[in-house]
Amino acid sequence: LAVGMGEHDMEGATQRNLCVDMRFLDESVDLVDVEILPATEETVDPAETVHVMSDRSADRVWIARTDHLLGQNLPSDDARIVDVITPLRVGLAPSGLSSTFLLDCGETPSRTPAMLVANRGSEDLSLLEITDLSTPQVDERAVVALPAVPERFLLDPDGPTCDDPYAWVVADDGRMFPIDMRAERFGLPDCGGAPCAVGTRARGGAGAVVRDPDAARGRVLVGGRGMLGEVGFLRPSPAAAD
């Protein structure tokens, strides 16, 4: 195990650099993405956030509480950082990750932090949620099959809302699929008997979701080199909202 930590004072903020040799967990580890999953929408406490790391060498992601990764609040004095990094089985060859929200659109709308995992090998998405921070325990709450190989997600800093409840996953053929993040309807919406999708050129450039706070719908923008295009939007129908 090789662990190195350093602290640098930057205008009152502390930055810690940490290096962990993951081969001590498994020689085949191949980490390709990392995202932070908080316990609540407002939390910034490292003890209430979990790092999720996708490992495309198998059918797993690795999880660890953020404060444990920083060497803080470890379970015992002799605990090593590798002792608190644990695997969670998901689909085959997980690659892209996206921090998002699971929606409750009842009388009192609310959002619960969640994470989507794009599993290339099994062509599906996993939905992860924290169930216990002490361990920590993260569970695969649901799985959605896709008609294409998922690669990544459109960037969406604000996340879905009940007015615009979709996260967007990009497939390797360039198509983008909306994922309904309402808990009771989680999955791919249906458009004329087939999964809803927006078609673009294969392997299109990076994209982002822009949400208008004054409108009851979001705009999906896809940008490439020297161009920016609005490719579509979806809005829940009144019947779906019920």
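Scroll up for the structure.
Model, not experiment: these values are computed from the prediction.

1. Here we look at the overall build of the chain
So, point 1. Per the secondary structure count, the chain includes two helices and 18 strands.
So, point 2. Counting all 242 residues of the chain, 42% fall into the buried class.
So, point 3. Approximately 12500 Å² of the chain is accessible, and the part contributed by carbon and sulfur atoms is 48%.

2. A look at the environment of Ala 208
So, point 1. Position of Ala 208 among the secondary structure elements: in strand β16 (residues 207-211).
So, point 2. In this structure the C-alpha to C-alpha distance between Ala 208 and Leu 155, which are 53 residues apart in sequence, comes to 4.5 Å.

3. Describing the environment of Asp 45
So, point 1. Position of Asp 45 relative to the elements: it lies in the loop between β3 (31-38) and β4 (49-55).
So, point 2. Along the primary structure Asp 45 and Thr 66 are separated by 21 residues, whereas in three dimensions their C-alpha atoms are 8.7 Å apart.

4. Description of the sheet that holds strand β12 (residues 166-171)
So, point 1. Overall, antiparallel pairing links the three strands, which are arranged β11-β12-β13 in an open sheet. Two strands in the sheet have a free side with no partner beyond their single neighbour: β11 (150-153) and β13 (176-180). The average angle at which neighbouring strand axes cross in this sheet is 40 degrees, direction not considered.

5. A word on the side chain of Asp 67
So, point 1. Mapped onto the fold, Asp 67 is located in helix α1 (residues 66-69).
So, point 2. Its relative accessible area of 1% is what places Asp 67 among the buried residues.
So, point 3. Here Asp 67 is in contact with Pro 46, Ala 47, Gln 72 and Asn 73, once residues within four sequence places are set aside.

6. Focus: the environment of Leu 154
So, point 1. Relative to the elements of secondary structure, Leu 154 occurs in the loop between β11 and β12.
So, point 2. Take Leu 154: its relative accessible area is 5%, and that puts it in the buried class.
So, point 3. A C-alpha to C-alpha distance of 6.3 Å links Leu 154 and Val 169, two positions 15 residues apart in sequence.

7. Quick notes on the sheet that holds strand β10 (residues 137-145)
So, point 1. The four strands lie next to each other as β7-β8-β9-β10, forming an open sheet whose pairing is antiparallel. The sheet terminates laterally at β7 (94-104) and β10, the two strands that pair on one side only. On average, each strand axis in the sheet is tilted by 30 degrees relative to the strand beside it, whichever way the strands run.

8. Re the pairing of β7
So, point 1. Among the eleven residues that make up β7, nine are buried, leaving the element largely enclosed by the rest of the structure.
So, point 2. Across nine bridges, β7 lies against strand β8 (residues 110-119) in antiparallel orientation. Among the inter-strand pairings, Leu 102 is bridged to a residue of β8, identified as Thr 112.
So, point 3. Connecting β7 to the antiparallel partner β8 that follows it, the hairpin turn spans five residues.

9. Focus: the packing of aromatic side chains
So, point 1. Tallied over the full model, the rule gives zero aromatic pairs.
So, point 2. In this structure, Arg 111 packs its charged tip against the face of Phe 101, placed 3.8 Å from the ring centre.

10. With respect to the pattern of salt bridges
So, point 1. Within this structure, the stated rule accounts for eleven salt bridges.
So, point 2. Between Arg 56 and Asp 30 there is a salt bridge, with the nearest N and O atoms lying 2.7 Å from each other. With Arg 56 in the loop between β4 and β5 (60-65) and Asp 30 in the loop between β2 (13-19) and β3, this residue pair connects regions lying 26 residues apart in the sequence.
So, point 3. Classification of Asp 30 by relative accessible area gives partly exposed; the value is 30%.
So, point 4. Between Glu 151 and Arg 120 there is a salt bridge; the shortest N-O distance is 3.2 Å. Placement of the pair is Glu 151 in strand β11 and Arg 120 in the loop between β8 and β9 (124-132), with a sequence separation of 31 residues.
So, point 5. Within the structure, one salt-bridge network assembled from shared partners comprises Asp 26, Asp 55 and Arg 60.

11. Comments concerning the nonpolar core
So, point 1. Of all hydrophobic cores here, the largest spans 19 residues; its most connected members are Leu 116, Leu 125, Leu 127, Val 169, Ile 179, Met 181 and Phe 186.
So, point 2. Breaking this core down by element, the ones donating at least two residues are β7, β8, β9, β12 and β13.
So, point 3. Beyond its immediate stretch of four places on either side in the chain, Leu 127 contacts Leu 102, Ala 114, Met 115, Leu 116, Asp 139, Glu 140, Arg 141, Ala 142, Met 181 and Phe 186.
So, point 4. In this structure, Val 61, Leu 88, Val 90 and Leu 97 belong to the second largest nonpolar core, which totals 13 residues.

Here is what the cut-offs are and how they apply
Residues numbered from 1 in each chain as written. Predicted model: local features only at pLDDT ≥ 70, side-chain atom pairs only at ≥ 80, totals over all residues. Heavy atoms only, no water. Helix = DSSP H or I, 4+ residues; strand = E, 2+ residues; numbered from the N terminus. Buried < 20%, exposed > 50% of the residue type's maximum accessible area, 1.4 Å probe, protein only. Areas by Shrake-Rupley, 256 points an atom, 1.4 Å probe, with all protein chains shown as cover. Pairing = 2+ DSSP bridges. Axes fitted to C-alpha atoms, helices over the stretch in contact; angles between N-to-C directions. Contact = heavy atoms within 4.5 Å. Phe/Tyr/Trp six-rings, centres within 6.5 Å; stacked < 30°, edge-to-face > 60°. Lys NZ or Arg CZ within 6 Å of the ring centre and 35° of its normal. Salt bridge = Lys/Arg side-chain N within 4 Å of Asp/Glu carboxyl O. Core = buried A, V, L, I, M, F, W, Y, C linked by side-chain atoms within 4.5 Å.

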